[in-house]
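Fold and contact review
Listed here are the chains, written in short residue letters.
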Amino acid sequence: MTDTEELIDLLSDYFLQKNGNPVKEELLQYIEAINTFEDLIAVDRDPRHPLWRVVPQIAMHRFGLETFQKFEPNYAADKSFVFVHPAHRHIVGSLKNSLQERWIVGKEITRALTPELINSLYGGYRWHAPYAAGCSYLGYLGQPATILPLASCSHRALRELIAYKNASRTALSKKIIVPGECLDQTMDAVIQAFHCPDVIENSRQLLDLELIDINNIYNK
């Protein structure tokens, strides 16, 4: 399987759990039109483009982690969120207290951990299938997950949130690892203490989780 074929399979799985469009044959045409980083930036400029929602996944797959982390999206939202997996629900209180020292934290949102929710966070990435399989294997599907919405989250505040995540989440709760061989997957499932979106992901994941609507994003 080529990298392009793998990417199309990953994105196809993501869209199948959304509205089913674009279909695999259309994805091939769209992906083959992205040959340079400038091509991807052009997609990012147009929220109506069929691949706009998956610009982060394409950036990661085609151009690597460093490009993904440094990517400055054209559209932003003045909000963000932190997601806590049911396995780590015991940290919600302490995590919320810590977040409130730097950010405006809204009312906790409880949602069942479903394949659709997992897809909204990780769909289109190589680790999506192992993560989903690990959640099923450990019996967490259907269990309550927690979303902590963050208001007035500027670009700088979002960068600080990502730095906070990288520095603190292992200390809050040890990550859970399920070996890939237990899941019939090539990668291990890794369930971290909490998740927050990277800059390139933020507006798109807020939309996917229906924490905002399209009118809440703006062109920087």
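Whatever comes next refers back to the structure up there.
Some points on the overall build of the protein chain
- Per the secondary structure count, the protein chain includes ten helices and eight strands.
- For 220 residues, the compact-globule formula gives about 17 Å, and the C-alpha radius of gyration of the protein chain, at 17 Å, lands near that figure.
- Out of the 220 residues belonging to the protein chain, those deemed buried represent 47%.
- Long-range pairs, those at least 24 residues apart, make up 77% of the contacts in the protein chain with a sequence separation of at least 6.
- Roughly 10,800 Å² of accessible area belongs to the protein chain as shown, and the carbon and sulfur atoms make up 49% of that amount.
- Looking at the protein chain, you have 22 positive and 27 negative side-chain charges, and the mean spots of the two groups are 9 Å apart.

Topic: the packing of aromatic side chains
- In the structure shown here, the tally under the stated rule is nine aromatic pairs.
- Relative to Tyr131, the ring of Tyr122 lies with its centre 4.6 Å away and its plane at 55 degrees, an arrangement referred to as tilted. Across the pair, exposure class does not vary: Tyr122 and Tyr131 are buried alike.
- Through pairs of rings, three or more aromatic residues link up here, namely Phe37, Phe63 and Phe71.
- Note that Arg204 overlies the ring of Trp52, its terminal NZ or CZ placed 4.6 Å from the centroid.

Focus on the pattern of salt bridges
- Applying the stated criterion across every chain yields a total of eleven salt bridges.
- Put simply, Lys96 and Glu108 hold a salt bridge, and the shortest N to O gap is 3.9 Å. Of this pair, Lys96 sits in helix 6 (residues 92–100) while Glu108 sits in the loop between strand 3 (104–105) and strand 4 (109–112); the two residues are twelve residues apart in sequence, bridging distant segments of the chain.
- A relative accessible area of 34% means that Glu108 is categorised as partly exposed.
- Each of Lys18, Arg53 and Asp208 takes part in a single network of salt bridges with overlapping partners.

Concerning unusual backbone geometry
- Asn21 connects to Pro22 through a cis peptide bond whose omega is 0 degrees.
- With respect to the secondary-structure elements, Pro22 resides in the loop between helix 1 (3–16) and helix 2 (24–32).
- Of note, the phi angle at Glu210 is positive, near 60 degrees, even though the residue is not glycine.
- Residue position: Glu210 is located in the loop between helix 10 (202–208) and strand 8 (218–219).

Remarks on the packing of helix 1 against helix 2
- Here helix 1 crosses helix 2 at 130 degrees, and the two axes come no closer than 10 Å. By the criterion of interaxial angle, the relationship of helix 1 to helix 2 is oblique. Regarding helix 1 and helix 2, the two cross each other, and that crossing is right-handed. Between helix 1 and helix 2, the contacting residues are Thr4, Leu7, Ile8, Asp9, Leu11, Ser12 and Phe15 on the first element and Lys24, Leu27, Leu28 and Ile31 on the second.
- Of the residues in the contact of helix 1 with helix 2, the class split is seven nonpolar, two polar and two charged.

Quick word on the side chain of His85
- Take His85: it is sitting in the loop between strand 2 (79–84) and helix 6.
- Residue class for His85 comes out buried when judged on its relative accessible area of 1%.
- Here Ala87 takes part through its backbone nitrogen, which lies 2.9 Å from a polar atom of the side chain of His85.
- Setting aside chain neighbours within four positions, we find His85 in contact with Leu113, Tyr131, Cys135, Tyr140, Ile191, Gln192 and Ala193.

Quick notes on the rules
- Residues numbered from 1 in each chain as written.
- Predicted model: local features only at pLDDT ≥ 70, side-chain atom pairs only at ≥ 80, totals over all residues.
- Heavy atoms only, no water.
- Helix = DSSP H or I, 4+ residues; strand = E, 2+ residues; numbered from the N terminus.
- Rg over C-alpha atoms; globule rule 2.2 N^0.38 Å.
- Buried < 20%, exposed > 50% of the residue type's maximum accessible area, 1.4 Å probe, protein only.
- Contact = heavy atoms within 4.5 Å.
- Areas by Shrake-Rupley, 256 points an atom, 1.4 Å probe, with all protein chains shown as cover.
- Lys, Arg positive; Asp, Glu negative; His and termini not counted.
- Charge placed at Lys NZ, Arg CZ, Asp CG, Glu CD.
- Phe/Tyr/Trp six-rings, centres within 6.5 Å; stacked < 30°, edge-to-face > 60°.
- Lys NZ or Arg CZ within 6 Å of the ring centre and 35° of its normal.
- Salt bridge = Lys/Arg side-chain N within 4 Å of Asp/Glu carboxyl O.
- Axes fitted to C-alpha atoms, helices over the stretch in contact; angles between N-to-C directions.
- Parallel < 35°, antiparallel > 145°, perpendicular 65-115°, else oblique.
- Left-handed = near helix turned anticlockwise from the far one by under 90°.
- Nonpolar A, V, L, I, M, F, W, Y, C, P; charged D, E, K, R; others polar.
- Polar contact = N/O pair within 3.5 Å; in protein donor to acceptor, adjacent residues only side chain to side chain.

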